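# Observations on the three-dimensional arrangement
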Amino acid sequence: MFPHPTPAFVVDEAALDRNLAILAEVKRRTGCRILLALKAFSMFSVFPRMRRVLDGCCASSVHEARLGRETFGGEVHAFAAAFSEADMREIAALADHVTLNSFAQLRLFQHIAAESGRTVACGLRINPEHSEGTAEIYDPCAPRSRLGVRRAAFAGETLHGVTGLHAHTLCEQDAAPFARTLAAIEQRFGDLLPRLAWINFGGGHHITRPGYDLDLLCATLAAFRARHPNIETVYLEPGEACALNAGTLAATVLDVVENGLPIAILDASCACHMPDVMEMPYRPRVFRDAAWSGQAEPGPAADRGCDPGVKAHTVRLAGATCLAGDIIGDWSFDTPLRPGDRVIFEDMAHYTMVKTNTFNGIRLPAILLRGPDGALRTVRAFGYQDFKSRLS
Ligand SMILES: Cc1ncc(COP(=O)(O)O)c(C=O)c1O
């Protein structure tokens, strides 16, 4: 039974541990260092657990870098499409690596890193101009992308002061797209690799997904390391793979209205609590289970949501905001939904908590943790002050 108020994110430590064990194996087999991409998952109460395996974290801003420095431990890396000078001064006081997105930013700011009194490695993000067929909004190699320096832009420039390169090009991809991307990097930038001390192959590696080709990833990385023995450190910085299938969003049906089909209005909102469902877009897995007690996956007795018409009762699940499009999707279940029923959305740990908003003053989901022993603990509950404090 789940006795807690909803909406609530419930992160399952046993599921996190399963992901961490896979990442530990990649580290062991390849000698790579693995960082958590904070943009995907910033639940700092579980960072001590993640730090047992991961070498540090990567940040996209001063605030993430500070969170990483304060709460994660290990290495802090930072990259943004552009930094202001003030950002760069703060980053230089927090990060171990900073990767710039253009030669102009590099020339403007590398002295700040050098004069920080700390050891701050400077890197440059490259664009290998090799797309692996993802949606354009998730493809840093799409035409006219602002992310990364194309090889042509290296003409007349030097890598003075740069100790490493960074390439993030993938999104939810298997090892074969990575292997092809690596070939493109070596083809375009191969002459620069003998001068590097490190290289970072970004995120988008769906390493912990069932069926992911771990052997190919490890073989590809190990072969790369053997070809480039001068590159001391190879980094990966997955976000999604760290928290994949490790948490849920629990919601309660508030009302069921009828207009062509039953529409269940929930206390969880697509627009406020799972915006990637609209942005990406994608269709989450959902289930109902009176016996559910916070596990990341449905139990054997769960009524799993199927495509419309597959089970007896098709229903639309939607949020309570004013937005007509605040619709999570249509599913069918064994029994009709009634006010007070619980529905559980799967795989809601990553790119959710970090993206929530309080549009319409909608309540932010509480954050709960389910320990390996099954005990549930409320880590954080939100209220009116959290809404008010972002406004003035
Ligand atoms: C530079 C960089 N590193 C790492 C990541 C993490 O990617 P993912 O969560 O898909 O593994 C991203 C995602 O956008 C990114 O832009």
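Report on the accompanying structure. (Residues numbered from 1 in each chain as written. Predicted model: local features only at pLDDT ≥ 70, side-chain atom pairs only at ≥ 80, totals over all residues. Heavy atoms only, no water.)

### Describing a nonpolar patch on the surface
- On the surface, a cluster of nonpolar side chains totalling about 250 Å² of accessible area is made up of Met278, Leu323 and Phe359.
- Structurally, Met278 can be placed in helix H10 (residues 276–279).
- You can call Met278 partly exposed: its relative accessible area is 35%. (Patch = residues over 30% accessible without salt bridge, like charges linked within 9 Å, V, L, I, M, F, W, Y side chains within 5 Å. Areas by Shrake-Rupley, 256 points an atom, 1.4 Å probe, with all protein chains shown as cover. Salt bridge = Lys/Arg side-chain N within 4 Å of Asp/Glu carboxyl O. Helix = DSSP H or I, 4+ residues; strand = E, 2+ residues; numbered from the N terminus. Buried < 20%, exposed > 50% of the residue type's maximum accessible area, 1.4 Å probe, protein only.)

### Considerations on the site of the ligand
- Taken together, Ala37, Lys39, Arg125, His166, His168, Gly203, Gly204, Glu237, Pro238, Gly239, Glu240 and Tyr351 make up all the residues around the ligand.
- Interatomic distance of 2.9 Å between a backbone N/O atom of Glu240 and an oxygen atom of the ligand.
- Here Tyr351 contributes a side-chain N or O atom positioned 2.6 Å from an oxygen atom of the ligand.
- If the ligand stood free it would expose 390 Å²; the protein chains cover 86% of that surface.
- Per-class residue counts for the shell around the ligand are three nonpolar, five polar and four charged. (Near = heavy atom within 4 Å. Polar contact = N/O pair within 3.5 Å; in protein donor to acceptor, adjacent residues only side chain to side chain. Nonpolar A, V, L, I, M, F, W, Y, C, P; charged D, E, K, R; others polar.)

### A short note on the nonpolar core
- Formed by 101 residues in total, the largest nonpolar core has its most connected members in Leu36, Phe41, Met50, Leu54, Phe201, Leu317 and Phe345.
- Each of domain 1 (31–243) and domain 2 (247–348 + 356–388) gives at least three residues to this core.
- When sequence neighbours within four positions are dropped, the list of residues in contact with Phe345 reads Gly247, Thr248, Leu249, Ala251, Leu266, Met274, Pro284, Arg285, Val286, Leu317, Ile328 and Trp331.
- Listed in part, the ten residues of the second largest apolar core include Val10, Phe287, Ala302 and Ile344. (Core = buried A, V, L, I, M, F, W, Y, C linked by side-chain atoms within 4.5 Å. Domains from an automatic or database assignment. Contact = heavy atoms within 4.5 Å.)

### Regarding the sheet that holds strand E2 (residues 33–37)
- Spatially, the eight strands close up into a barrel ordered E2-E3-E4-E5-E6-E7-E8-E9, and their pairing is parallel. Between one strand and the next, the sheet's axes are offset by a mean angle of 25°, whatever the strand orientation.
- Direction of pairing for strand E6 (residues 121–125) relative to strand E7 (residues 164–166): parallel, over a ladder of three bridges. Directly across from Leu124, in E7, lies its bridge partner Leu165.
- The strands that helix H3 (residues 62–71) touches are strand E3 (56–59) and strand E4 (75–79); relative to E3, the one it contacts most, it runs at about 170°. (Pairing = 2+ DSSP bridges. Axes fitted to C-alpha atoms, helices over the stretch in contact; angles between N-to-C directions.)

### A few points about H3
- Turning to H3, its buried residues number three or more, namely Val62, Glu64, Ala65 and Gly68. For H3, the buried positions fall inside an angular range of 165° around the axis, keeping them on one side. Of the exposed residues in H3, those oriented more than 90 degrees away from the buried face are His63 and Glu70.
- Once H3 finishes, Gly73 follows within two positions and takes phi at roughly 85°, a positive value. (Arc of directions from axis to C-beta.)

### Section: the side chain of Asp289
- Within the secondary structure, Asp289 sits in the loop between strand E12 (286–288) and strand E13 (303–304).
- The charged side chain of Asp289 is buried without a salt bridge, its nearest counter-charge being Arg304 at 8.7 Å. (Lys, Arg positive; Asp, Glu negative; His and termini not counted.)

### Focus: the pattern of salt bridges
- Scanning the entire structure with this criterion turns up 26 salt bridges.
- We note a salt bridge from Arg227 to Glu186, for which the minimum N-O separation is 2.6 Å. With Arg227 in helix H7 (residues 214–227) and Glu186 in helix H6 (residues 175–189), this pair connects stretches of sequence that are 41 residues apart.
- Residue classification places Arg227 among the partly exposed residues on the basis of a relative accessible area of 46%.
- When the shortest N-O distance is used, the salt bridge between Asp334 and Lys311 registers 3.7 Å. Note that Asp334 is positioned in the loop between strand E15 (327–333) and strand E16 (342–345) and Lys311 in the loop between E13 and strand E14 (313–318), a separation of 23 residues in sequence.
- In this structure Asp334 comes out as partly exposed when scored by relative accessible area, which is 45%.

### What about the pairing of strand E11 (residues 262–266)?
- When strand E10 (residues 247–258) meets E11, the two strands line up antiparallel, connected through five bridges. In the strand pairing of E11, Val257 is matched with Ile263.
- Where E10 folds back on E11, the antiparallel hairpin that results is connected by three residues, among which Gly260 adopts a positive phi of roughly 85°.
- Alignment of E11 against E14, held across three bridges, turns out to be parallel. Counterpart to Ala264 in the pairing with E14 is Leu317.

### Focus: helix H1 (residues 13–30)
- In this model H1 runs 25 Å from its N-terminal to its C-terminal C-alpha over 18 residues, within 8% of the 26 Å that 1.5 Å per residue would give.
- Those residues of H1 that fall on the buried side of the exposure criterion are Glu13, Ala15, Leu16, Asn19, Leu20, Leu23, Val26 and Thr30. Seen along its axis, H1 keeps its buried residues to an arc of 155°; they face one direction.
- Two to three positions downstream of the cap, the backbone nitrogen of Ala14 sits 3.2 Å from a side-chain oxygen, assigning the N-cap of H1 to Asp12.
- Backbone geometry just after H1 places Gly31 at a positive phi near 75°. (Expected span 1.5 Å × (residues − 1).)

### Digging into the packing of aromatic side chains
- Summed over all chains, the structure comprises ten aromatic pairs.
- Both rings, one in Phe47 and one in Phe72, keep their centres 4.8 Å apart while their planes meet at 55°; by these two values the pair is tilted. Placement of the pair is Phe47 in helix H2 (residues 47–51) and Phe72 in the loop between H3 and E4, with a sequence separation of 25 residues. Summarising the burial analysis for this pair, Phe47 and Phe72 share the class buried.
- Ring centres of Phe178 and Phe201 lie 5.3 Å apart, and the angle between their planes is 65°; this geometry places the pair in the edge-to-face category. Linking Phe178 in helix H6 with Phe201 in the loop between strand E8 (198–200) and H7, this pair joins segments that are 23 residues apart in sequence. With respect to class, Phe178 is no different from Phe201; both count as buried.
- Through a chain of ring-to-ring contacts, the aromatic side chains of Phe2, Phe287 and Trp292 assemble into a single cluster.
- Its guanidinium or amino end placed over the ring of Phe154, Arg151 lies 5.4 Å from that ring's centre, counting from NZ or CZ.
- Its end group placed over the ring of Phe333, Arg288 keeps NZ or CZ at 5.6 Å from the ring centre. (Phe/Tyr/Trp six-rings, centres within 6.5 Å; stacked < 30°, edge-to-face > 60°. Lys NZ or Arg CZ within 6 Å of the ring centre and 35° of its normal.)

Keep in mind these values describe shape, not function.
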